[in-house]
Amino acid sequence: MKKLIFLILIFTLIFPVSISAKEDYITLSPFLYSSHHLGEDLVIYGDTSLPTATLGFYYPEDQGYKGYAKFIINISAKELREGYVIPTEEYSRLWPEGVWTVAVQNGAYRDEIKIPMSKDAPLYNRQVRLAHYRDNTLTSLTTYTTQGIQISSNTISFTLEDSTLVKIYAWDNLSPTNDGDAQLFAAVYKDGYMTEAKTYSGTLSSYGKHISLEISETERFELLFWNDSLIPY
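Structural notes, computed from the coordinates.

Rules behind the numbers
Residue numbering note: each chain is counted from 1, following its sequence as written. Per-residue local features of the predicted model are confined to residues with pLDDT of at least 70, and side-chain atom pairs are confined, for both listing and counting, to 80 or more; whole-chain, interface and lining totals are unaffected and use all residues. Here the side-chain values reflect all heavy atoms present in the structure, with hydrogen atoms and water set aside. When two rings of Phe, Tyr or Trp (its six-membered ring) have centres within 6.5 Å they constitute a pair, described as stacked for plane angles under 30 degrees, edge-to-face for angles over 60, and tilted for the intermediate range. Strands are runs of DSSP state E lasting at least two residues, helices are runs of H or I lasting at least four, and both sets are numbered from the N terminus onward. Relative accessibility under 20% of the residue-type maximum defines a buried residue, over 50% an exposed one, and the middle range a partly exposed one, all with a 1.4 Å probe and only protein chains included. The criterion used for residue contact is that any of the two residues' heavy atoms lie within 4.5 Å. Any Lys or Arg side-chain nitrogen located within 4 Å of an Asp or Glu carboxyl oxygen qualifies as a salt bridge. The rule for pairing is simple: two strands pair if DSSP sees at least two bridges between them. Nitrogen and oxygen atoms within 3.5 Å of one another constitute a polar contact, given that in protein one can donate a hydrogen and the other can accept it, and given that sequence-neighbouring residues count only through two side-chain atoms.

## So, the packing of aromatic side chains
Next, step 1: Evaluation of the coordinates by the stated rule reveals 11 aromatic pairs.
Next, step 2: Taking the centre distance of 6.2 Å and the plane angle of 40 degrees together, the rings of Phe57 and Trp95 count as tilted. On the criterion of sequence distance, the pair formed by Phe57 in strand β5 (residues 52-58) and Trp95 in the loop between β7 (84-86) and β8 (98-106) is long-range, its members being 38 residues apart. Assigned by exposure class, Phe57 and Trp95 land together as buried.
Next, step 3: Aromatic side chains Tyr144 and Phe158 sit 5.5 Å apart centroid to centroid with 55 degrees between the ring planes, which places their arrangement in the tilted category.

Below is the structure:
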């Protein structure tokens, strides 16, 4: 028996058992607006490999609120991916201006984002630039000024000051994609009707706040998201 155990130990040392496990995660999408307008719904997006998580909504650290919890609730991974809606009320003692915190956690896995809350509407101080290059030379540039962009279900959307809505999404064989061969659609909507649409085909190497689509060896399309100081955001 001792000889058998000795042989097993020797075998284990010579041929170590490799154990691999999928690393769990929780991530929250960054808040891309200058502030959230108190009284409007706040939508929180994220992703997790875990089936459920606890979402906490916390008061500002200052003004005597000391970061106390406004509420803590259990949500599903699906709710987080599709966007969990937090109704907010107009500015008051119970809904102060300041930097609030949203945290999502399950055990040791945790992520949080800071949300500036204001009684004033967010500023239109973000710029989205759609650029077309040929032979590394800029051939066309469209610039939009917006409060911020929203990324949900593979769709990038933003609203302009005149309520025009712009949506950008990528598909491969009628399925959403964020890399590889794709068709990129940029559509403009006014009063619920599409007024303009452009389509680009190529290979996605980046998709999100920055999009890079290689159309050919000499041609590419890029989306850039900047703040009011023309710094990538």
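## A look at the side chain of Glu219
Next, step 1: Within the element layout of this structure, Glu219 appears in strand β19 (residues 219-227).
Next, step 2: Not counting residues within four places of it along the chain, the set of residues in contact with Glu219 comprises His132, Tyr133, Arg134, Leu213 and Glu214.

## Here we look at the pattern of salt bridges
Next, step 1: Overall, the coordinates contain 7 salt bridges when judged by the stated rule.
Next, step 2: Ionic pairing is found between Glu219 and Arg134, a salt bridge with its closest N-O pair at 3.3 Å. Remark: Arg134 occurs in strand β10 (residues 126-134) and Glu219 occurs in strand β19; sequence separation between them is 85 residues.
Next, step 3: For Glu219, a relative accessible area of 16% puts it in the buried group.
Next, step 4: Between Glu196 and Lys198 there is a salt bridge, with the nearest N and O atoms lying 4.0 Å from each other.
Next, step 5: Overlapping salt bridges, with partners in common, bring together Arg110, Glu112 and Lys114 in one network.

## Describing the sheet that holds β8
Next, step 1: Ordered by their spatial adjacency, 5 strands build an open sheet running β2-β9-β8-β5-β6, and the pairing between neighbours is mixed. The strands lining the two open edges of the sheet, one partner per strand, are β2 (36-37) and β6 (69-76).
Next, step 2: Bridge analysis of β8 against strand β9 (residues 109-118) gives 9 bridges, and the strand direction is antiparallel. Looking at β9, one finds that Asn106 is bridged to Tyr109.

## Describing unusual backbone geometry
Note: most residues except glycine have negative phi, and most peptide bonds are trans.
Next, step 1: For Gln63, which is not glycine, the phi dihedral falls at a positive 60 degrees.
Next, step 2: Its location among the elements puts Gln63 in the loop between β5 and β6.
Next, step 3: A positive phi is found at Asp135, a non-glycine position, where the angle reads about 55 degrees.
Next, step 4: Following the sequence through the fold, Asp135 ends up in the loop between β10 and β11 (137-146).

## What about the side chain of Arg220?
Next, step 1: With respect to the helices and strands, Arg220 occurs in strand β19.
Next, step 2: Assessed through its relative accessible area of 19%, Arg220 is described here as buried.
Next, step 3: In terms of polar contacts, Arg220 uses its side chain to reach the side chain of Glu222, at 2.7 Å.
Next, step 4: Once you skip the residues sitting within four places of it in the chain, Arg220 turns out to touch Ala131, His132, Tyr133, Asn136, Leu213, Glu214 and Ile215.

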